[in-house]
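In case you want the letters, here they are:
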Amino acid sequence: MSRGSLGLIKFENDFTSVGFDAFVPTATGLELGGGVGFYGVNEGSLAFTVDEPGGILDITTDTGDDDNDCLVAGTFKPADGGMWMEARFKITDSVAATRAAVWCGFVETLSVTTPVMPVERTGTTNTFNASGSLGVMFDSDSTILRFFATAADGSAALAGTNSKTGAAVTAGVLDLSNTMTADRWYVVRVEIGPNGIGRVWFGDIDTNDSLELVFENTTALGTADMFHACLMIENRSAANERLEVDYFMGEGARDWAVD
C-alpha cells in the first residue's frame, strides 16, 4: 500500500476558540475541531469558561439519571504503532463530587448516540461495560470517593501492576488513594503500545501535582481492536452535572495497510 509522510494521527483541542454562547448539541454529536468530537445521552449543553485563562470547555449533562456527555477521538489500533491520550479536567461543583462519575482513557466500545461509562463502581463492586478499556475512573456510587486506574478486555478485568509499589493488581482496578476534590484540576495520561501493554499516568496524587506513572496492565489488550480516546462525565442522580476541560489531546499511528 502507498505510504505518505504523516505516520501519526494527532488530535488536540485547547478550547481557546470562544465562538458560541451556551447551547445544546444535536443528538448526532458535534465536531469541536482539532479532531475532537462530542457525544451525549440527551445531549446536555456546552459553554466556554472565560474567568480562567487558557481556554476551558464547560460541559453540562442533561438532567436525567445516568445522562452523560463525552469528548472523543479515534479510532486507533494498537498494532499500527501504539497511541496515547491526555486530558486535564475538573468536576466544578462540590455537590457533583458525590453524584457524578468520570472516565478518562481509551475505550473499545462507544456508542455515538448512547455512550456508556466504560467502567462503573457501586459500593465495592466494579463493572466493566466496554469490551476493552484502559484509563482512570471516578464514581460517586463507590463506597470510597477516590480515583481508580482500571484495565479490561472482553468486558473482564485485566491483570496489572501498581507502578509505584510493584504489587500485582489482579482485579484490574487500582485505588489511587486520592479523594476527589471539587473544582480542582486533575490530569490523566494513558499510553498503549503496539503489543497491547499500556501505562496510566495520574496528576495530583500524594503531595505531588505532576504526572506520575501509577498503573501498567501486564495482560495485553487486543492489539487489533479499535479504541477511542474518551473523557466522559455521567450524573448519578436526576440533576445535571458539570465537567470543565482544559485540554484533550493525543495521537495514534496510521494504518498504512488499509486498502
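Computed from a prediction, not measured in an experiment: that's the story for all the values here.

Secondary structure summary: the chain contains zero helices and 21 strands in total. What you see for the chain is a C-alpha radius of gyration of 17 Å, in line with the 18 Å of a compact globule of 259 residues. Here the C-alpha coordinates of the chain stretch approximately 45 × 45 × 35 Å along the principal axes. Put simply, of all contacts in the chain between residues at least 6 apart along the chain, 69% involve residues at least 24 apart. When the accessible area of the chain is evaluated, it comes to approximately 10500 Å², of which 49% is carbon and sulfur surface.

It is worth spelling out the nonpolar core at this point. Leu 71, Phe 89, Phe 106, Phe 147, Phe 215, Leu 231 and Phe 248 are the most contacted members of the largest nonpolar core, which totals 49 residues. With five residues, strand S7 (residues 83-91) is the single largest residue contributor to this core. Grouped together as the second largest cluster of nonpolar side chains are 17 residues, Tyr 39, Cys 70, Phe 128 and Met 137 included.

The buried fraction of strand S20 (residues 227-235) amounts to nine of the nine residues, a majority that puts the element mostly inside the structure. Side-chain alternation along S20 places Phe 227, Ala 229, Leu 231, Ile 233 and Asn 235 on one buried face and His 228, Cys 230, Met 232 and Glu 234 on a second face that is also buried. Pairing of strand S6 (residues 68-76) with S20, which is carried by eight bridges, proceeds in the antiparallel orientation. Within S20, the residue paired with Cys 70 across the bridge is Met 232. Sheet topology places strand S8 (residues 100-107) next to S20; eight bridges connect them, and they run antiparallel. Within S20, the residue paired with Val 107 across the bridge is His 228.

Structurally, Asp 139 can be placed in strand S11 (residues 132-139). Side-chain polar atoms of Asp 139 contact the backbone nitrogen of Arg 121, separated by 3.1 Å. In contact with Asp 139, other than residues within four places in its own chain, are Ala 100, Ala 101, Glu 120, Arg 121, Leu 145 and Arg 236.

Calculation notes
- Residues numbered from 1 in each chain as written.
- Predicted model: local features only at pLDDT ≥ 70, side-chain atom pairs only at ≥ 80, totals over all residues.
- Heavy atoms only, no water.
- Helix = DSSP H or I, 4+ residues; strand = E, 2+ residues; numbered from the N terminus.
- Rg over C-alpha atoms; globule rule 2.2 N^0.38 Å.
- Contact = heavy atoms within 4.5 Å.
- Areas by Shrake-Rupley, 256 points an atom, 1.4 Å probe, with all protein chains shown as cover.
- Core = buried A, V, L, I, M, F, W, Y, C linked by side-chain atoms within 4.5 Å.
- Buried < 20%, exposed > 50% of the residue type's maximum accessible area, 1.4 Å probe, protein only.
- Pairing = 2+ DSSP bridges.
- Polar contact = N/O pair within 3.5 Å; in protein donor to acceptor, adjacent residues only side chain to side chain.

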